[in-house]
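What follows is each chain in one-letter form.
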Amino acid sequence: MLSIKNLQAQVEDKQILKGLNLTINPGEVHAIMGPNGSGKSSLASVLAGRDAYEVTGGEVEFYGKDLLELSPEDRAREGLFLAFQYPVEIPGVSNINFLKTAMNEIRAYKGLEPLDAKSFLKLSKEKQQLVEFDAKLVNRCLNEGFSGGEKKRNEIFQLAMLEPRLAILDETDSGLDIDALRIVANGVNALRSKDNAFVVITHYQRLLDYIVPDFVHVLFDGKIIKSGTKVLALELEEKGYDWLKESVHAPIV
Amino acid sequence: MEKENQLLEEIANSEYEYGFVTNIETDKLPEGLNEDTIRFISAKKQEPEWLLEYRLKGYQAFLRSKMPEWQNFKMPDIDFQAISYYAEPKPKKQLQSLDEVDPELLETFEKLGIPLNEQKLLAGVAVDAVFDSVSIATTYKGKLKELGIIFCSFSEAVKEHPELVKKYMGSVVPHSDNIFASLNTAAFSDGSFVYIPKGVRCPMELSTYFRINAQNTGQFERTLIIADEGSYVSYLEGCTAPRRDENQLHAAVVELIAMEGAEIKYSTVQNWYPGDKDGKGGIYNFVTKRGICKGRKSRISWTQVETGSAITWKYPSVILQGDDSEAEFYSVAVTKNKQLADTGTKMMHLGKNTKSRIISKGISAGHSHNSYRGLVYVGPKADYARNFTQCDSLLLGDRCGAHTFPYIETKNKTATIEHEATTSKIGEDQVFYLNQRGIDDEKAVALIVNGYVRDVINQLPMEFAVEAQKLLAISLEGSVG
C-alpha cells in the first residue's frame, strides 16, 4: 500500500531524511526505532504533509497515488492517519463535534453521505469501549486540559473512529504509564486487520511487547540502516544503537 | 508558511454574501437636515407636539456637538447634509397578513433566511420586521397582548402609549449624549418599543430585523425597552444589509430600563455590509446602546456578534444604579479586509454590591483593525462593587491589528476589579492537526474560531447561536462565491 523510495527531505535547509526506502503491505505492523534526532518523527511529518518539511527528492506512493502531490487533508481522506507525538489543544471545540466533522469530510471525499447523528453516536460508543476511552473525555473540548496520557488515548480513539488504512503512531508510548500503555496497545491490537497497516515509531522495545511488529527498522541519520524482525528490537534493547552507528560510520578506505 | 499566507489571503478577501438590492419604490426625502426636514418627518408620522420639540432639542444639540476624536481610527468625513433622512416603502394599503406583503420583499427576507411565517411561532419567536424604517408586519401581538406585553414599532408606541414613551425616552441616553445620539434624536425614523409589565416573564424571544435598503438613506433606529418590576425579557436584534458603493451612516439609539428584580437580555448579530476588499462602500455603524439597572437586584445582559460594517463604533453600556444589580457584556467582533471596529462597553457601578462581567473576543484578519475599549467605573457609594473583565484577541495573518484600551476608574476602596487579556495567532499546529483528520483549511479555521468564541455564542438564544456560528463561518471562510 505504501512504497517509499529514496525519500529526501529538509527543514530550513537542514537535510533530515537522506534517501529512505520502505515498503508496507496491508496487514503488516512495522516498528521504526532509532536514536534521538535520527529522523523518525520527521518521517511521520513528511508523510502527513506538514508544511515546514520540504521534500527534496524521492517518491512516495500510497495505493497507487503520488502521496507527495496530495494536500494534508487529502492524505488523511485517502486513509493515512498520524497519531501525534504532541497532540494540540483546541479550546472550545468539542471533541465529538470535531470527530463528526472529520468523519463526514472523509466520507464526503469517498462520495458517502454524512453519518446521521444516531449511527454516529452508536459507533462512537462502540469504539469508546473498544479502546477503553472515557466517555467523559468524549464530550470535553479537544484535548483541552487533558493529561499527556489522555491526549494519547484520544489519538487512539480517533484512530478507531476514522478507521484509516495506514496509521502512523509517533511515539505514542512516550509519557504513558504502564496501564495506559497496555490500554493503548490493546486498542491498537483490536484495530489490527488484514486490510490495514501500522507504523509504530518508538524508542522502547517495551511497547513492542504489547504491539508485536512484523518488521523492525532502525533509522539513523535519515536512512534505514537495518531491518529485521522483532528479534532486532530485543537486540537493540540489549546492545543500544552504537554497534549499528559504527557500521555506518566505518571509514571508507 | 506560503500555504498559510495564501489561505489567510483567501479568507481575508472573501466577498460579502448578503449583498443584493431589493427594488421597491421608496418615498424619499431630499438630502439634507434642517428644522424643516425634522418637522416633515414628525408631521409625516403624525407625532404629538412634545415629540417634535424633543427632536428639535436633539437637533440643537447635534449642531453644537463635535465629532468624537478618541477612537482608534481616523474618523471619515461624513457629510450630514448629503444624507436623506427619511425613506419608506410606499404602502399600498394597510396590511393584515403576509399574503399582502410585497412578494419581492418577502423574497428578500427569504434570501436572508428570515422565515416570516408560522414557523416562527413554533420556534417561539415573534417578529417585528423593520424594512427601511417602517414596520411592515408585526406578528403574534395578540399572544403578547394577553400578558399585557407591549411589543410594537416606536411610532405606534408614540401613538398608543405616549405616557411611557415620554417618560422613558432619553432617560438613559440623553439627547445631548454624543453627536450620533443627538442626530438620532433629531431624525430617528422608527424602531421598536417593548414594555413588560410587573412580574411577567415574556414567554418568547422578541426579535426585530433591521435592514437598510434605499440608497443613500441613513437609518436612525430607536429602541426602547422597559422591564417593570420582577419581569423578564430576551430581545434579539439581527441585521444584514445589501451591498453598496457609497458609505451609509447608521446611528441607532437603544435604551434599556430594568426596574427592581427585572432582567433584560439583549442580543445582537450585526452584519451590515462591510465594504469590498479595498474598503470601498460599507456601513458606518455609530450606535449608542445603554441600559440602566434602575431597581435593586435588576440585571442587564448585552451579547453582540459584530461581523459587518466598514466602521463599528459602539459601546453597549450599563449603569448599575440599583443595589445588588448585575450587568454583563459578551462580545465577538470580527474584522477583515479594511474593516475598523472600535467597540466595547462601559460599566458604571453606582449602587452597592453591584457586579459586572465583561467577556470580549476580537478576531482580526486582512488589513483590519479591531479595538476593544472598555471603562469600568466604581462610584464613591458603590461599596463592594465587583468587575471581571476578560479580553482576548485572535489574529489571522500579520497585516491586521488588535488593540485593547481598558480604563478603570474607582472611587471606592472596597471595589474588586479583575482584568485578563490575551492575544494569540491561529496556530499552524492547530490547523495542521485538523488537516490530518481530513478537515480542510477553511473548515479548520472556522472550527478553531467557533471554539474561541464559544463563551460568547453560548450566551445567545439557541436559534440565534446557530445563525451566529454560520455567520462567523461565512465571514471567515473563503468559501463564498
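Here is what the cut-offs are and how they apply
- Residues numbered from 1 in each chain as written.
- Chains lettered and ligands numbered in written order.
- Predicted model: local features only at pLDDT ≥ 70, side-chain atom pairs only at ≥ 80, totals over all residues.
- Heavy atoms only, no water.
- Helix = DSSP H or I, 4+ residues; strand = E, 2+ residues; numbered from the N terminus.
- Buried < 20%, exposed > 50% of the residue type's maximum accessible area, 1.4 Å probe, protein only.
- Areas by Shrake-Rupley, 256 points an atom, 1.4 Å probe, with all protein chains shown as cover.
- Arc of directions from axis to C-beta.
- Contact = heavy atoms within 4.5 Å.
- Phe/Tyr/Trp six-rings, centres within 6.5 Å; stacked < 30°, edge-to-face > 60°.
- Lys NZ or Arg CZ within 6 Å of the ring centre and 35° of its normal.
- Salt bridge = Lys/Arg side-chain N within 4 Å of Asp/Glu carboxyl O.
- Axes fitted to C-alpha atoms, helices over the stretch in contact; angles between N-to-C directions.
- Parallel < 35°, antiparallel > 145°, perpendicular 65-115°, else oblique.
- Left-handed = near helix turned anticlockwise from the far one by under 90°.
- Nonpolar A, V, L, I, M, F, W, Y, C, P; charged D, E, K, R; others polar.
- Polar contact = N/O pair within 3.5 Å; in protein donor to acceptor, adjacent residues only side chain to side chain.
- Expected span 1.5 Å × (residues − 1).
- pLDDT = per-residue confidence, 0-100.
- Buried area = accessible area lost by both parts, 1.4 Å probe.
- Patch = residues over 30% accessible without salt bridge, like charges linked within 9 Å, V, L, I, M, F, W, Y side chains within 5 Å.
- Lys, Arg positive; Asp, Glu negative; His and termini not counted.
- Charge placed at Lys NZ, Arg CZ, Asp CG, Glu CD.
- Core = buried A, V, L, I, M, F, W, Y, C linked by side-chain atoms within 4.5 Å.
- Pairing = 2+ DSSP bridges.

K.L.:
Explain the overall build of chain B residue by residue, including any values.
P.N.:
Of the regular secondary structure elements, chain B holds 13 helices and 23 strands. Relative to its full complement of 481 residues, chain B shows a buried share of 62%. Carbon and sulfur atoms make up 48% of the accessible area of chain B, which totals about 18,800 Å².

K.L.:
How would you sum up helix 2 (residues 35-44) of chain B? Please name residues and give values.
P.N.:
Residue and element names in this part refer to chain B. Residues Thr37, Ile38, Ile41 and Ser42 constitute the buried set of helix 2. The buried residues of helix 2 all sit within an arc of 135° when viewed along its axis, so they share a single face. Facing away from the buried side of helix 2 by over 90 degrees, the exposed positions are Asp36 and Ala43. Buried residues belonging to helix 2 abut helix 3 (49-64) and helix 9 (179-187).

K.L.:
Talk me through the packing of aromatic side chains; I want residue IDs and the actual numbers.
P.N.:
Each aromatic ring pair is characterised by the separation of its centres together with the angle its planes make. On inspection of all chains with the given rule, the structure shows 19 aromatic pairs over all chains. Aromatic pair Phe286(B) and Trp313(B): ring centres 5.6 Å apart, planes at 45°, arrangement tilted. Here Phe286(B) is found in strand 13 (residues 283-293), whereas its partner Trp313(B) is found in strand 15 (residues 311-314), with 27 residues between them in sequence. Residue class for Phe286(B) comes out buried when judged on its relative accessible area of 0%. Taken together, Trp70(B), Phe180(B), Tyr284(B), Phe286(B), Trp313(B) and Tyr315(B) form an aromatic cluster joined through their ring pairs. The ring of Tyr63(A) has Arg165(A) sitting right over it, with the charged end atom 3.6 Å from the ring centre.

K.L.:
Provide a residue-level description of the pattern of salt bridges, including the pertinent values.
P.N.:
Should their charged atoms come close, side chains of opposite charge can pair. Residue and element names in this part refer to chain A. By the definition in use, this model includes 29 salt bridges over all chains. The shortest N-O distance in the salt bridge between Glu78 and Lys65 comes to 2.6 Å. Of the two residues, Glu78 sits in the loop between helix 2 (72-77) and strand 6 (80-83) while Lys65 sits in strand 5 (residues 65-66), which places them 13 residues apart along the sequence. A relative accessible area of 10% means that Glu78 is categorised as buried. On the accessibility criterion, Lys65 (38% relative accessible area) is partly exposed.

K.L.:
Help me get a handle on the packing of helix 3 (residues 95-109) of chain A against helix 4 (residues 117-130) of chain A, residues and values and all.
P.N.:
All names here are of chain A. Running from N to C, helix 3 and helix 4 cross one another at 110°; their axes reach a closest spacing of 12 Å. Taken together, the axes of helix 3 and helix 4 are roughly perpendicular relative to one another. In the packing of helix 3 onto helix 4, the handedness of the crossing is right-handed. Each of Ile96, Leu99, Lys100 and Met103 in helix 3 lies in contact with helix 4, whose residues at this interface are Ala117, Phe120, Leu123 and Ser124. Considered class by class, the residues forming the contact of helix 3 with helix 4 number 6 nonpolar, 1 polar and 1 charged.

K.L.:
Residue-level account of the environment of Phe329(B), with values.
P.N.:
Residue and element names in this part refer to chain B. Along the chain, Phe329 turns up in strand 17 (residues 326-335). What makes Phe329 buried here is its relative accessible area of 0%. For Phe329, the contacting residues outside a window of four places in its chain are Trp302, Gln304, Pro316, Gly344, Thr345, Met347, Arg357, Ile358 and Ile359.

K.L.:
Any chance you could break down the packing of helix 6 (residues 148-162) of chain A against helix 7 (residues 178-191) of chain A for me, citing the residues and the numbers?
P.N.:
Residues and elements named next belong to chain A. Running from N to C, helix 6 and helix 7 cross one another at 10°; their axes reach a closest spacing of 10 Å. On the basis of their axis angle, the class for helix 6 and helix 7 is roughly parallel. Contacts from Arg153, Ile156, Leu159 and Ala160 in helix 6 reach Ile183, Val184, Gly187, Val188 and Leu191 in helix 7. Tallied by class, the residues present in the contact of helix 6 with helix 7 amount to 7 nonpolar, 1 polar and 1 charged.

K.L.:
Got a sec to walk through the side chain of Thr335(B)? Specific residues and values, please.
P.N.:
Here Thr335(B) is to be found in strand 17. A polar contact is formed between the side chain of Thr335(B) and the side chain of Asn370(B), at a distance of 3.4 Å.

K.L.:
I'd like to hear about helix 3 of chain A, residue by residue, with values.
P.N.:
Between its terminal C-alpha atoms helix 3 of chain A stretches 21 Å, which fits the 21 Å expected from 15 residues at 1.5 Å a residue. Regarding helix 3 of chain A, the residues found buried are Asn95(A), Ile96(A), Phe98(A), Leu99(A), Ala102(A), Met103(A), Asn104(A), Glu105(A) and Ile106(A). If you follow the buried residues of helix 3 of chain A, they end up packed against helix 2, helix 4, helix 5 (135-138) and helix 6 of chain A together with helix 10 (428-435) and helix 11 (441-452) of chain B. Looking one or two residues beyond helix 3 of chain A, the residue adopting positive phi is Gly111(A), at roughly 80°.

K.L.:
Break down unusual backbone geometry for me, citing the residues and quoting the values.
P.N.:
The phi dihedral of Asn6(A) is positive, around 50°, even though this residue is not glycine. Within the element layout of this structure, Asn6(A) appears in strand 1 (residues 2-11). According to the relative accessible area criterion, Asn6(A) is partly exposed, its value standing at 39%. Located in the positive-phi region is Asn353(B), a residue other than glycine, with phi close to 55°. Along the chain, Asn353(B) turns up in the loop between strand 18 (340-349) and strand 19 (355-364). Residue class for Asn353(B) comes out partly exposed when judged on its relative accessible area of 38%.

K.L.:
If you had to explain the confidence of the model for chain B to someone new, which residues and values would you point to?
P.N.:
Residue and element names in this part refer to chain B. Averaged over every residue, the pLDDT of chain B is 82; residues scoring 70 or more account for 77%. Within chain B, the lowest mean pLDDT, 34, falls on helix 5 (residues 118-122), and the highest, 98, falls on strand 16 (residues 317-320). In this model, residues 130-138 is a region of pLDDT below 50 whose contacts with residues beyond four sequence positions or in other chains number 47 contacts. Segment residues 210-217: pLDDT under 50, and 55 contacts once partners within four positions in sequence are set aside and those in other chains are kept.

K.L.:
Report on the interface of chain B and chain A, specifying residues and quantitative values.
P.N.:
Contact residues are listed per partner, giving 23 residues for chain B and 31 residues for chain A. Together, the buried faces of chain B and chain A total about 2,200 Å²; carbon and sulfur atoms form 62% of this surface. Interface area lost by chain B to chain A is led by Phe432(B), Tyr433(B) and Arg437(B), which between them contribute 35%. At the junction of chain B and chain A, the tally comes to 3 salt bridges. Glu105(A) is the partner of Lys443(B) in a salt bridge, and the nearest nitrogen-oxygen pair spans 3.1 Å. Our count for the contact surface shared by chain B and chain A stands at 11 residue pairs in polar contact (both at pLDDT 80 or more). Every element with two or more residues in the side of chain B that touches chain A is listed here: helix 1 (2-13), helix 10 and helix 11 of chain B.

K.L.:
I'd like a description of a negative patch on the surface, backed by residues and values.
P.N.:
Residues and elements named next belong to chain A. On the surface, a cluster of negative charge is made up of Glu59, Glu61, Asp66 and Glu69. Structurally, Asp66 is set in strand 5. Judged by relative accessible area, Asp66 falls into the partly exposed class, the value being 40%.

K.L.:
Quick rundown of the environment of Leu70(A)? Include the residues and the values.
P.N.:
All names here are of chain A. Topologically, Leu70 is positioned in the loop between strand 5 and helix 2. Each C-alpha atom of the pair Leu70 and Ile106 lies 14 Å from the other, and the pair is 36 residues apart in sequence. Once you skip the residues sitting within four places of it in the chain, Leu70 turns out to touch Arg75 and Glu78.

K.L.:
Could you give an account of the nonpolar core, naming the residues involved and the relevant values?
P.N.:
Of all hydrophobic cores here, the largest spans 113 residues; its most connected members are Leu2(A), Ile4(A), Leu166(A), Phe198(A), Ile363(B) and Leu434(B). Leaving out residues up to four positions away in the same chain, Ile363(B) has contacts with Val332(B), Ala333(B), Val334(B), Thr335(B), Asn370(B), Leu394(B), Leu396(B), Val449(B), Tyr452(B), Val453(B) and Leu476(B).

K.L.:
So what's going on with the sheet that holds strand 7 (residues 166-170) of chain A? Which residues, and what values?
P.N.:
Residue and element names in this part refer to chain A. In spatial order, the strands read 6-7-8-3-9-10; together these 6 strands make up an open sheet with mixed pairing. At either margin of the open sheet sits one strand with a lone partner, and together these are strand 6 and strand 10 (223-228). Each strand of the sheet is rotated relative to its neighbour by a mean of 20°, with strand direction disregarded. Pairing of strand 9 (residues 215-220) with strand 10 involves 5 bridges; the strand directions are antiparallel. Counted as the bridge partner of Val218 is Lys226 from strand 10. Packed onto the sheet, helix 9 (residues 230-239) meets strand 3 (29-33), strand 9 and strand 10 and runs at close to 45° relative to strand 9.

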